[in-house]
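# Chain and residue survey
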Amino acid sequence: MTRIAGALPLLALWAVPLLAALVMAIAAAASSAAWTALLVHPQLWPALGLSLWTGTAATCLAFICALIISAGVYRSPAWPWLQPLAATGMALPHLAFAIGFGILIMPSGLVARLGVGGDTPPNWITTQDPLGLSLTIALALKEIPFLVAMIWSLLAQGDTAAHLEGQWRAARSLGHGAGSTWLRVVQPQIMRRMTWPLLIVFSYGASVVDMALVMGPTQPPPLAVIIWNDLNHGTAANNARGIAGAILLTLAIGSLAALSLLALRALGVAARPLLSAGPSPRPAPRFIAAASVGAAVLIYSAVLMLLTLLSFAPRWPYPAILPPALSLSSWQMLLTSSPALWLSLGLAAASSIMALVLVVLWFETQPRSRDRWLLVLAAASLALPQVLIAAGQYDVLLRLGLTGDIIGLFLVHLAPVIAYAAIVLAAPYRSFDQRYIAAARSLSAGPWRRWRLVKGPLLRVPLLTAAAVGFSVSMVQFVPAQLIAAGRFETLPMAAVTLTSGGSRSLSAAFALALALPPLLVFLAAAIAGRTRWR
Amino acid sequence: MSVTLTRRRLVSLAILLPFAGAARAAADWPATEAKAKGQTVYFNAWAGSEQINAYIAWAGQELQSRHGITLQHVKITDTAEVVRRVRDEVAAGKADGSVDLVWINGENFRTMKRDKLLFGPFAEDLPNFALVDTAGKPTTRVDFAEAVDGLESPWGMAQLTFFGDGAKLGQPPRSMLDLLDFAKAHPGLVTYPAPPDFHGTTFIKQALIETIADRSLLPMPIGKEQFLAVAQPMFNFLDALHPHLWRKGKQFPPSQSQVKQQVADGELLIGLTFNPNEPANLVATGELPATTIAWQHAQGTIGNTHFVAIPINAQAKAAAQVVANFLLSPQAQARKADLAVWGDPTVLDLTRLSAADTALFTAQAAPGSVTAPAPAIPEPHGSWVPLIEASWLERYGA
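Note that the structure is predicted; figures quoted are calculated from it, not measured.

Criteria and thresholds
Residues numbered from 1 in each chain as written. Chains lettered and ligands numbered in written order. Predicted model: local features only at pLDDT ≥ 70, side-chain atom pairs only at ≥ 80, totals over all residues. Helix = DSSP H or I, 4+ residues; strand = E, 2+ residues; numbered from the N terminus. Rg over C-alpha atoms; globule rule 2.2 N^0.38 Å. Buried ≥ 20, exposed ≤ 12 C-beta atoms within 10 Å, placed from the backbone. Domains from an automatic or database assignment. Contact = placed C-beta atoms within 7 Å. Nonpolar A, V, L, I, M, F, W, Y, C, P; charged D, E, K, R; others polar. Pairing = 2+ DSSP bridges. Axes fitted to C-alpha atoms, helices over the stretch in contact; angles between N-to-C directions. Parallel < 35°, antiparallel > 145°, perpendicular 65-115°, else oblique. Left-handed = near helix turned anticlockwise from the far one by under 90°. Core = buried A, V, L, I, M, F, W, Y, C linked by C-beta atoms within 7 Å. Expected span 1.5 Å × (residues − 1). Bend = angle between axes of the 7 residues up to and from the residue. pLDDT = per-residue confidence, 0-100.

## Side note on the overall build of chain B
Each helix and strand counted, chain B has 16 helices and 11 strands in total. What you see for chain B is a C-alpha radius of gyration of 23 Å, in line with the 21 Å of a compact globule of 398 residues. Each principal axis of the C-alpha atoms in chain B carries an extent, and together these give about 80 × 50 × 35 Å. Counting across all 398 residues of chain B, residues that qualify as buried make up 51%.

## What to know about the overall build of chain A
Within chain A, the secondary structure is distributed over 26 helices and zero strands. Structurally, chain A occupies a C-alpha span of about 65 × 60 × 45 Å along its principal axes. Of all 535 residues assigned to chain A, the portion counted as buried reaches 55%.

## A look at the domain arrangement of chain A
Residues and elements named next belong to chain A. The assigned domain composition of chain A is domain 1 (1-30 + 328-535) and domain 2 (47-220 + 282-327). Distance from the C-alpha centre of domain 1 to the C-alpha centre of domain 2: 23 Å. At the junction of the two partners, domain 1 supplies 44 residues and domain 2 supplies 37 residues. Elements with a contribution of two residues or more to the side of domain 1 that touches domain 2: α16 (329-335), α18 (371-383), α20 (406-430), α22 (447-458), α23 (460-475) and α26 (505-529). Here the element with the most residues in the side of domain 1 that touches domain 2 is α26; it accounts for 14 residues. Among the residues making up the side of domain 1 that touches domain 2, the classes are represented as 31 nonpolar, nine polar and four charged.

## Overview of the sheet that holds strand β8 (residues 271-273) of chain B
All names here are of chain B. The three strands lie next to each other as β8-β7-β9, forming an open sheet whose pairing is antiparallel. Only two strands of the sheet have a single partner each, and these edge strands are β8 and β9 (292-295). Strand-to-strand twist in this sheet, taken as the mean axis angle between neighbours without regard to direction, amounts to 30 degrees. Direction of pairing for strand β7 (residues 161-165) relative to β8: antiparallel, over a ladder of three bridges. Residue pairing in the sheet places phenylalanine 163 in a bridge with glycine 271 of β8. Lying over the sheet, helix α11 (residues 256-265) contacts β7 and β8, oriented at roughly 140 degrees with respect to β8.

## Remarks on the packing of helix α5 (residues 94-105) of chain A against helix α7 (residues 133-156) of chain A
Residue and element names in this part refer to chain A. The geometry of α5 relative to α7 is characterised by a closest axis approach of 10 Å and an angle of 125 degrees between their N-to-C directions. In this view, α5 runs oblique relative to α7, as classed from their interaxial angle. Here the hand of the crossing between α5 and α7 comes out right-handed. In this structure, α5 uses His94, Phe97, Ala98, Phe101 and Ile105 to contact α7, whose residues at the interface are Ser134, Ala138, Leu141 and Lys142. Looking at the contact of α5 with α7, its residues break down into six nonpolar, two polar and one charged.

## Observations regarding the domain arrangement of chain B
Residue and element names in this part refer to chain B. Partitioning chain B into domains gives domain 1 (27-158 + 304-360) and domain 2 (161-303 + 375-396). The C-alpha centroid of domain 2 is placed 29 Å from the C-alpha centroid of domain 1. If you look at the interface, domain 1 gives 16 residues, while domain 2 gives 14 residues. The set of elements that each furnish at least two residues to the side of domain 1 that touches domain 2 consists of α5 (106-114) and β6 (152-159).

## Looking at the environment of alanine 380 of chain A
Residue and element names in this part refer to chain A. By secondary structure assignment, the location of alanine 380 is in helix α18. A residue is classified by how many C-beta atoms lie within 10 Å of it, and alanine 380, with 18 of them, is partly exposed. Along the backbone, alanine 380 and leucine 199 are 181 residues apart, and their C-alpha atoms lie at a distance of 9.8 Å.

## Considerations on the nonpolar core
With 242 residues, the main nonpolar core has Val359, Ile418 and Ala421 of chain A together with Val323 of chain B as its most contacted residues. No other element matches α20 of chain A, which puts 17 residues into this core. Not counting the four nearest positions on each side in its chain, alanine 421 of chain A is found in contact with Ala355, Leu356, Val359, Ala466 and Gly470 of chain A. In this structure, Val190, Phe252, Val385 and Trp392 of chain B belong to the second largest nonpolar core, which totals 45 residues.

## With respect to the interface of chain B and chain A
At the junction of the two partners, chain B supplies 50 residues and chain A supplies 48 residues. Looking at the side of chain B that touches chain A, the elements with two or more residues in it are β1 (40-46), β2 (70-76), α4 (79-91), α5, α11 and α16 (384-396) of chain B. Here the element with the most residues in the side of chain B that touches chain A is α4 of chain B; it accounts for six residues. The residue makeup of the side of chain B that touches chain A, split by class, is 18 nonpolar, 16 polar and 16 charged.

## Notes on the environment of proline 378 of chain B
All names here are of chain B. The residue proline 378 is located in the loop between β11 (376-377) and α16 in this model. On a C-alpha basis, the gap between proline 378 and phenylalanine 144 in space is 7.1 Å, while along the polypeptide they are 234 residues apart. Ignoring any residue separated from it by four or fewer positions in sequence, one finds proline 378 in contact with Pro138, Thr139, Val142 and Pro219.

## Concerning the pairing of strand β10 (residues 301-309) of chain B
For a regular strand, side-chain orientation follows a simple rule: the groups alternate between the two sheet faces. All names here are of chain B. Counting buried positions along β10 gives nine out of nine residues, so the element sits mostly inside the fold. Sheet analysis places strand β3 (residues 101-104) next to β10, joined by three bridges and oriented antiparallel. Residue pairing across strands places tryptophan 103 opposite valine 308, the latter belonging to β10. In this structure, β6 lies alongside β10, joined through seven bridges in antiparallel fashion. By the bridge assignment, glutamine 159 is partnered in β10 with glycine 303.

## Observations concerning unusual backbone geometry
Leaving glycine out, the prevailing phi sign among residues is negative, and the prevailing peptide bond configuration is trans. Residues and elements named next belong to chain B. With an omega of 10 degrees, the peptide bond running from glycine 120 to proline 121 counts as cis. You can see proline 121 is positioned in the loop between α5 and β4 (142-143). Phi is positive for arginine 247, close to 55 degrees, though the residue is something other than glycine. Within the secondary structure, arginine 247 sits in the loop between α10 (232-241) and α11.

## Considering the environment of alanine 510 of chain A
All names here are of chain A. When you line up the elements, alanine 510 lands in helix α26. Its 27 C-beta neighbours within 10 Å are what place alanine 510 among the buried residues. Taking C-alpha positions, alanine 510 is 42 Å from alanine 30, a pair spaced 480 residues apart along the chain. Filtering out sequence-adjacent residues up to four positions away, alanine 510 remains in contact with Ser311, Ser330, Trp331 and Leu334.

## With respect to α7 of chain A
Residues and elements named next belong to chain A. With 24 residues, α7 ought to run about 34 Å at 1.5 Å a step, and its terminal C-alpha atoms sit 34 Å apart, in line with that. The sharpest bend along α7 reaches about 30 degrees and sits at glutamate 143, with the proline proline 145 one to four residues further on. Within α7, 22 of the 24 residues are buried, which leaves the element mostly enclosed by the surrounding structure.

## Topic: the confidence of the model for chain B
Residue and element names in this part refer to chain B. Residues with a pLDDT of 70 or more make up 93% of chain B, whose mean pLDDT is 90. Long-range and interchain partners of residues 1-23, a stretch whose pLDDT sits below 50, account for four contacts in this model, where long-range means more than four residues apart. Reported for the predicted complex are a pTM of 0.87 and an ipTM of 0.85.

Shown next, in the form of structure tokens:
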């Protein structure tokens, strides 16, 4: 009975509508004409290759950096500072980062102004390069904070931290250096639990549109951009081709992810002798980690500084080091959107709390074997192009009479928040040491008391991380919100996207900062609240 | 229940018949206005310009005080989004639609017209339609070679316009062949957005118009074979132009706004827009320097009209018509044409206005405005567009 009751809210509010949305969206593409049109698209295969390449390369790059940073900083005095630092990076919306990073590296960007000068910008190909390298680097830089935060929260989880403490001492007393202990004791424990976070990083990178439009090549563009153009087209035939493209991209992402998983397993088996070798005095990679963190902090600071400057600068022609004139007009325009800000904050708070409750209820009542379906659906919902899911969600809510309705608006904000919460919480929840619960039970604590006094506090860090991630995800929801709101409600991203569609970079920068600030505060609050005595 | 028509039903139908068309007649305009009072019109309109948003807000205030209508600007990024929304609503049988009025033209209009998603005809029955310059501005009745048939009401005029910093440009190129010479002299500093960006497609259409041997083909439907034959000079031109473009024509910016930004940053010399007054607006907001100039090709550039239309499932059809009529009023059109407000050219025939109304239109030059306007050339028939886009993609896409 509790099993059904525990799963029902999540199924009713999230899984069923989402599946219905997927079915409706995909049914719309069940025409062979759409597939024929897709297959003869001259850019299809190079574009697909580009999507998979940028997604894969960005994920590998970001994960390697995140591992090196974690290995070098773990158990150092800087370790407690890593989480708030990562939170700052996570809070910045992807598109905002791309705009700021672009103005740093593009031919008329700050680097060229400081380093080259001259009357006209240099002939650099630093953005929109044909191989998508600048897009890859921007994506990787943007994902490093997320992956670091994931690793940090896994390691800071109460029960794991307690185990690791003992294992760390044991390994060190056996003669392992700090680097060797990380490699042989700590890292293997987090690798498996990073599968789902890595998967969403990969699928995000391979299906991203907004960053690709700023940084990515155009001839061909990544497949997601072609799909996005098709889905936004007014004619039904183009919409259908877009849906077919979205299905193809999702299948390709799924297959490549599955292959990578198998390869990683094989690699893990092959690496086993290495893991049990030793002891080795290898030290922690302190220097390279510090250099990586330093470089990332420098780039993020430059991006934030440039965005701030741009928000006050209507025009900033090359080769001026500073804008010729400053203006408050972008911020004044932003102020007219303050009702939208309040609505967004309310939706973000409500959806992140609701998502946490529903997901925890699921994990508490469902057997572990059922998680797979939850996580596959969550990952699929994040990997599929947003426009596609949004179209399906819209169809479903339209039939339920919930378009132009605050409940419908809330549900479309809730959907991705639940997906992220499930992915962030799955590993910490399922690796939780049940002996703590057994001990609490032996002290005859009831289920709610056990959760409140034992499990909740021990899982505080992942729970807070999930809430903060959820909040930030909700804050930037645009496509479904725009469709469902039907002009009856306006959220901050809706105001941002519509008002900046004229291409005012100054206004984009102001909105980017406004969108980054609430998640930043929530991330920092979560990081501070997460500093427990368990560390 | 059977659906045979009883005599009584026939009688009641006969009684109703005179009224069936009445809603359309201008004679019944006071009734429409009376019905409109108190209604809310959800006006779905692109919101990427501060000036346009402010103008719509002004129209809202006027409509509230004059007609008791609440005009709610639903800010959108792309009209195709609205087309999809209406189509989905109608397919789902939703009679109380979320859109009352939409800013539209071209392909989106054609789609809505063909899919029978539009209310009307209503436009030519609006009292102020009599003032529209249908003879001098034929695009007010033919939208991208598609007959308007009263299903949308003209609102403003648009024409392909180029701009750049006069301090750097010297003499701007005023034809496609001049542009080729200019690009050769300034390699890497000229480009155009990649289709299917609307401005990119328009640039190519302009190249087509300037290179095609027989322009009389353009208003007619065309097939692939014939297109490839008659468009060959255009492809020759593009082949010659591309090596001198930004990134040697191997990459193109994805949007007009990127081109605009690159011009402002100094990465490119020439930008393009469909609103002849956008450069002047951008000078006013400080995004472009005061030395900005705007021009059109001497033999004319592609021009069209933008409209407002009422979806078939709109809730406030009466009020939507009153709004459309107000937008056509000399006062609203003059304010819209004012460079300090928006600078959108009027669809009205100024000779048909009273002297007082004509005086409202005070043309003034501002930095960045077009000094020597060229004739507007109508859009080619809609069947050319997919062929242009597909063949461009095949030749230059990868």
